[in-house]
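Inside the fold
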Amino acid sequence: MSPVFVSPFAVTRLEWRRLLVRPLAWVLAALTLAWLAWNFTLLLGNFLAGQIQRAALPDGPGFVDLVAVPLLAQLAQLAFMVVPLITMSVLAGERRNGTLPLLFAAGVPASRIVLGKYLAVLGWLLLWLALTLAMPLALMHATHFDWGKLASATLGLVLMLAALGALGVACSAFASHPAIAAAAALVIALALWGVNLGAQMAGINDGAINWLAMSTHLQSLLRGLVSTTDIVWFVLLIVLALALATQRLVADKERG
Amino acid sequence: MLQLDQLSRRRAGRPAVQNLSLLLQRGQVLGLLGVNGAGKSTTLSMIAGALRPDSGSIQLNGADFLEQPELARQLIGWLPERAPLWPELTVSEHLDAHGHLRGLHGAALKQARTAIIDRLELQPLARRLAGVLSQGQRQRLGLACALLHKPALLVLDEPANALDPVQVAALRTLIREQAAAGTAVILSTHLLTEVTAVCDRVAILHEGTLRQDGVVHSDDHAALERTFFEIAMSGTTHAARAA
């Protein structure tokens, strides 16, 4: 018997559909984008108000430094709340509905279930980022744009959202209830963000503890500094989180 | 079609299924009988590919199913107990999702979806969310998902649960239709009437082991009942003695 072709994106498509019809995703998108749009107008107002003073400075901060990057930094803050809420049901919800065995029975490997769901979540998060970026980009013809700095900050946000998404999927794989998954994802993300706070307060600005903190890696990307170390840190976190989620699903299937 | 050889599985620290061997031919309907906790659902989950056995083998059309889990995708349709569904998807979207997971696309999927919606009279529910369906409607949708890709083996776990008498009669007709078309059907139940009404063979499981495997005679309900109670009570007596 010849094997039938099953799209590697079958799980992604299913999860994407579930995300789109869930009111929570729409409410979160609407509320956060409204908040970001309001802040964008405030940042833009401040930028316009200070334009004359800055004209005297030859290398003064521009539109990207004063509007686009602060807007992306606000998105990063919101992501700590939004991503756990978006990811909480992806696997914990399947477990509660009893639908996870249906995916196993369809011969979908655990790794493909995790990856499929992760790609759907990532798609939603990238759409969210794109809609936020559209606000400063709408003014690209009206002001001078530092494209390099904007690209670096965008890369930082993409990596951060991807890492938080993977963390959320992993928490959802381990939790029995979506609310527990959301709480765990929030706590772990905050811990990863501020793991070096104590060290910084003690005046230690270098060393392994700072390397562990997410803030260290995101802030340098937001400043326009792209380094392999920062990218590797995010990629490692994504791979580790997805591997743990896959292991958990394999154990689920073994345990029954 | 299906051959189970020395299948065993422990659950929650105790043996749920022990050394189960069974053979099922194309077009046969096998009833899996047993009291609650006898190991019926565990057996069906293993056959459906949702649960890995601790030992033993499952052969599907001569191929080792444990070595080629993708066979389940093509050959098996499974209706688990209580028909698990995604509450935020409509009936139609469920069928699409199951179709994609089973390798159906485009025109083939559309054709299969239309056919199964017509056969199970799901047209009025097609755009309704699964989360608002009654238990009987959920069961029908679960059955539609299991049948969508025209499986060679249909695995039904308590399929008559929550169905009204008219729906039960329709389910029996459907099972016989599938068997006549060459589909092997294995269904678990604790209703003896269900077995005598639709099954060609019955296998009685008790405490995870196969105690009886024989042909069903539709006019011999009393004999089946006697055998079933003897097996069920013998287990209870053993347990009481052990205690």
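Refer to the preceding data block for the structure.
A few points on the structure. (Residues numbered from 1 in each chain as written. Chains lettered and ligands numbered in written order. Predicted model: local features only at pLDDT ≥ 70, side-chain atom pairs only at ≥ 80, totals over all residues. Heavy atoms only, no water.)

Things to note about the overall build of chain A
How we decide: Numbering of helices and strands starts at the N terminus; helices are DSSP runs of H or I of at least 4 residues and strands are runs of E of at least 2. Two residues qualify as a contact provided that any one of their heavy atoms is within 4.5 Å of a heavy atom in the partner residue. The Shrake-Rupley method, run with a 1.4 Å probe sphere, supplies the accessible areas, and residue values consider only the shown protein chains as cover. Residues counted as positive are Lys and Arg, residues counted as negative are Asp and Glu, and His and the chain ends are not counted. Taken as the charge location is NZ of Lys, CZ of Arg, CG of Asp or CD of Glu.
Looking only at helices and strands, chain A features 13 helices and zero strands. Listed N to C, the secondary structure of chain A is α-α-α-α-α-α-α-α-α-α-α-α-α in terms of helices and strands. Residue pairs at least 24 apart in sequence account for 75% of intrachain contacts in chain A once pairs closer than 6 positions are excluded. For chain A, the exposed surface amounts to about 11,700 Å²; the carbon and sulfur share of it is 72%. Treating the 14 positive side-chain charges of chain A as one cloud and the 9 negative ones as another, the clouds have centres 14 Å apart.

Focus on the interface of chain B and chain A
What counts is decided by this rule: When two parts are put together, the accessible area they lose, computed with a 1.4 Å probe and summed over both, is reported as buried area. Whenever Lys or Arg places a side-chain nitrogen within 4 Å of a carboxyl oxygen from Asp or Glu, that contact is recorded as a salt bridge.
Each partner contributes to the interface: chain B provides 28 residues, whereas chain A provides 31 residues. Summed over both partners, the interface of chain B with chain A buries about 2,700 Å², with 62% contributed by carbon and sulfur atoms. Joining chain B to chain A, the criterion identifies three salt bridges. The salt bridge involving Glu-88 of chain B is made with Arg-22 of chain A; its shortest N-O contact spans 3.5 Å. Going through the elements one at a time, β1 (2-11), α2 (70-75) and α3 (91-101) of chain B are the ones with two or more residues in the side of chain B that touches chain A. Among the elements that take part in the side of chain B that touches chain A, α3 of chain B stands out by supplying five residues, more than any other.

Thoughts on the packing of helix α2 (residues 23-49) of chain A against helix α4 (residues 63-87) of chain A
All names here are of chain A. Formally: Axis geometry follows a simple rule: fit a line to the C-alpha atoms, using only the stretch in contact for helices, then measure angles between N-to-C directions, giving values from 0 to 180 degrees. By definition in this entry, angles of less than 35 degrees are roughly parallel, angles greater than 145 are roughly antiparallel, angles of 65 to 115 are roughly perpendicular, and the rest are oblique. Two helices crossing with the near one rotated counterclockwise from the far one by less than a right angle form a left-handed crossing, whereas a clockwise rotation gives a right-handed crossing. Side-chain classes follow a simple rule in which Ala, Val, Leu, Ile, Met, Phe, Trp, Tyr, Cys and Pro form the nonpolar group, Asp, Glu, Lys and Arg form the charged group, and the remainder, Gly included, forms the polar group.
Between α2 and α4, the least distance of the axes is 10 Å, while the angle of their chain directions is 160 degrees. As the angle between them shows, α2 and α4 are arranged roughly antiparallel. Regarding α2 and α4, the two cross each other, and that crossing is right-handed. Of α4, the residues touching α2 (which contributes Leu-24, Ala-25, Leu-28, Thr-32, Trp-35, Leu-36, Asn-39, Phe-40, Leu-43, Leu-44 and Phe-47) are Phe-63, Leu-66, Val-67, Pro-70, Leu-71, Gln-74, Leu-75, Leu-78, Val-82, Leu-85 and Ile-86. Its residues assigned to classes, the contact of α2 with α4 comprises 19 nonpolar, three polar and no charged.

Details of a nonpolar patch on the surface
Residues and elements named next belong to chain A. What counts here: Nonpolar side chains (Val, Leu, Ile, Met, Phe, Trp, Tyr) are joined into patches within 5 Å and like charges within 9 Å, using only residues with over 30% relative accessible area and no salt bridge. For every residue, the accessible area obtained with a 1.4 Å probe (protein chains only) is divided by the maximum for its type, and the residue is called buried under 20%, exposed over 50%, and partly exposed between those limits.
A cluster of nonpolar side chains, namely Val-195, Ile-209, Trp-211, Leu-212, Val-232 and Leu-236, defines an oily patch on the protein surface of about 470 Å² accessible area. Tallying contributions element by element places helix α11 (residues 208-212) first for the nonpolar patch, with three residues. You can see Trp-211 is positioned in helix α11. Taking relative accessible area as the criterion, Trp-211 reaches 35% and is therefore assigned partly exposed.

Some remarks on the packing of helix α5 (residues 89-97) of chain A against helix α8 (residues 147-174) of chain A
Residue and element names in this part refer to chain A. Between α5 and α8, the least distance of the axes is 6 Å, while the angle of their chain directions is 20 degrees. When the axes of α5 and α8 are compared, the pair comes out roughly parallel. Where α5 crosses over α8, the two elements pack in a sense that is right-handed. Contacts between α5 and α8 pair Ser-89, Val-90, Leu-91, Ala-92 and Arg-95 from the former with Val-169, Ser-172, Ala-173 and Phe-174 from the latter. Here the contact of α5 with α8 is composed, by residue class, of six nonpolar, two polar and one charged.

Let's talk about the environment of Leu-186 of chain A
Residue and element names in this part refer to chain A. Secondary-structure assignment places Leu-186 in helix α9 (residues 178-193). With relative accessibility at 25%, the residue Leu-186 sits in the partly exposed group. As for Leu-186 and Gly-62, which are separated by 124 residues in sequence, their C-alpha atoms are 33 Å apart. Beyond its immediate chain neighbours, meaning those up to four positions away, Leu-186 contacts Phe-80, Met-81 and Pro-84.

As for helix α13 (residues 228-255) of chain A
Residue and element names in this part refer to chain A. Put simply, the rule is: One less than the number of residues in a helix, times 1.5 Å, gives the span that helix is expected to have.
For α13, spanning 28 residues, the distance from its first C-alpha to its last is 40 Å, which sits close to the expected 40 Å at 1.5 Å a residue. Listed in full, the buried residues belonging to α13 are Asp-230, Trp-233, Phe-234, Leu-237, Ile-238, Ala-241, Leu-242, Ala-245, Thr-246, Leu-249 and Asp-252. One or two positions beyond α13, positive phi appears at Gly-256, with a value near 80 degrees.

Some remarks on the packing of aromatic side chains
The geometry of an aromatic ring pair is captured by the separation of the ring centres together with the interplanar angle, meaning the angle of the planes. Residues and elements named next belong to chain A. Note the threshold: Here is the rule: rings of Phe, Tyr and Trp (six-membered ring for Trp) pair when centre to centre is within 6.5 Å. Planes less than 30 degrees apart are stacked, more than 60 are edge-to-face, and the remainder are tilted.
All told, the structure shown has seven aromatic pairs over all chains when counted by the stated rule. Between Phe-47 and Phe-63 the ring centres are 5.5 Å apart and the planes differ by 80 degrees, which places this aromatic pair in the edge-to-face class. You can see Phe-47 sitting in helix α2 and its partner Phe-63 sitting in helix α4, a full 16 residues away along the chain. Exposure remark for Phe-47: the relative accessible area of 7% places this residue in the buried category. The class of Phe-63 is buried, set by a relative accessible area of 2%.

Details of empty space enclosed by the protein
Note the cut-off: Both site types are read off a 1 Å grid over the protein atoms alone. A 1.4 Å probe that fits but cannot get out defines a cavity, while an open set with protein on both sides within 12 Å along at least five of seven lines defines a pocket; lining residues have an atom within 4 Å of a point. Grid points are joined across faces, edges and corners, and a volume is the space filled by probe spheres set on the points.
Counting across every chain of the model gives four cavities of 30 Å³ or more. In this structure, the largest cavity spans a volume of roughly 50 Å³. Of all elements in the fold, only β6 (76-79) and α5 (135-147) of chain B reach the threshold of two or more residues within the lining of the largest cavity. Estimates place the volume of the second largest cavity at around 40 Å³. Along the walls of the second largest cavity sit Val-83, Pro-84, Thr-87, Leu-164, Leu-167, Gly-168, Ala-185 and Ala-189 of chain A, which together make up its complete lining. Mapped onto the lining of the second largest cavity, the elements with two or more residues apiece are α4, α8 and α9 of chain A. For the lining of the second largest cavity, a count of residues per class yields six nonpolar, two polar and no charged.

Description of the sheet that holds strand β10 (residues 209-215) of chain B
By definition, the strands of a sheet pair up through backbone hydrogen bonds, in either a parallel or an antiparallel sense. Residues and elements named next belong to chain B. Short version of the rule: Any two strands with at least two DSSP-identified bridges between them are counted as paired.
Spatially, six strands are ordered β6-β7-β8-β3-β9-β10 in an open sheet, and the strand pairing comes out mixed. Strands at the two margins of the open sheet, each flanked by one partner only, are β6 and β10. Each adjacent strand pair in this sheet contributes to an overall mean axis angle of 15 degrees, direction not counted. Sheet analysis places strand β7 (residues 153-157) next to strand β8 (residues 184-189), joined by five bridges and oriented parallel. Across the sheet, Leu-156 pairs through a bridge with Leu-187, a residue of β8. Running at roughly 150 degrees to β7, helix α1 (residues 40-48) makes contact with β3 (29-33), β6, β7, β8 and β9 (201-206) of the sheet.

Function cannot be read off these values alone, since they describe shape.
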